[in-house]
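So you can see what is in the structure, the chains are spelled out below.
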Amino acid sequence: ENDASYGCSIQKDMVNVTFADKDGEEKNIKVPVGMSMLEAVHENDIELEGTCEGSLACSTCHVIVMDMDYYNKLEDPNAEENNTA
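Residues numbered from 1 in each chain as written. Predicted model: local features only at pLDDT ≥ 70, side-chain atom pairs only at ≥ 80, totals over all residues. Heavy atoms only, no water.

Two elements, strand β1 (residues 14–20) and strand β2 (residues 26–32), share seven bridges in a ladder whose sense is antiparallel. Bridge pairing links Ala20 to Glu26 in β2. Counted along the chain from β1 to the antiparallel partner β2, the turn is five residues long, and its residue Gly24 has a positive phi close to 85°. (Pairing = 2+ DSSP bridges. Helix = DSSP H or I, 4+ residues; strand = E, 2+ residues; numbered from the N terminus.)

Shown next, in the form of structure tokens:
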């Protein structure tokens, strides 16, 4: 049993994620809970550069949570997440 492995989806809860590209084309995938969206993008051949390597520095990635139940479970953004400079 290897809880650190995202490839072992039997042991992980999965969530549905929809990625939309710049043309509005959507791709629906299942992502293990705890996986970053940047990791999910790269593992599913979705075109996204990820120049900041997940450091929240480039501000080119956007997440929209459509389900209000999940949105209300999110913590408030921290100072690093709010920094758009």
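What follows is about the confidence of the model for the protein chain. Averaged over all residues, the pLDDT of the protein chain equals 78, while 76% of them reach at least 70. Per-element mean pLDDT across the protein chain ranges from 74 in helix α3 (residues 79–82) up to 92 in β2. (pLDDT = per-residue confidence, 0-100.)

Together, Met68, Tyr71 and Leu74 line one region of the surface with nonpolar side chains, adding up to about 330 Å² of accessible area. Mapping Met68 onto the fold places it in helix α2 (residues 68–71). (Patch = residues over 30% accessible without salt bridge, like charges linked within 9 Å, V, L, I, M, F, W, Y side chains within 5 Å. Areas by Shrake-Rupley, 256 points an atom, 1.4 Å probe, with all protein chains shown as cover. Salt bridge = Lys/Arg side-chain N within 4 Å of Asp/Glu carboxyl O.)

One finds Val17, Phe19, Ile29, Val31, Met35, Ala40, Val41 and Ile46 forming the largest nonpolar core, which totals eight residues. Secondary structure elements with two or more residues in this core: β1, β2 and α1 (37–43). If near-sequence neighbours (up to four positions away) are discounted, Val17 is found in contact with Lys27, Asn28, Ile29, Val31 and Met37. (Core = buried A, V, L, I, M, F, W, Y, C linked by side-chain atoms within 4.5 Å. Buried < 20%, exposed > 50% of the residue type's maximum accessible area, 1.4 Å probe, protein only. Contact = heavy atoms within 4.5 Å.)

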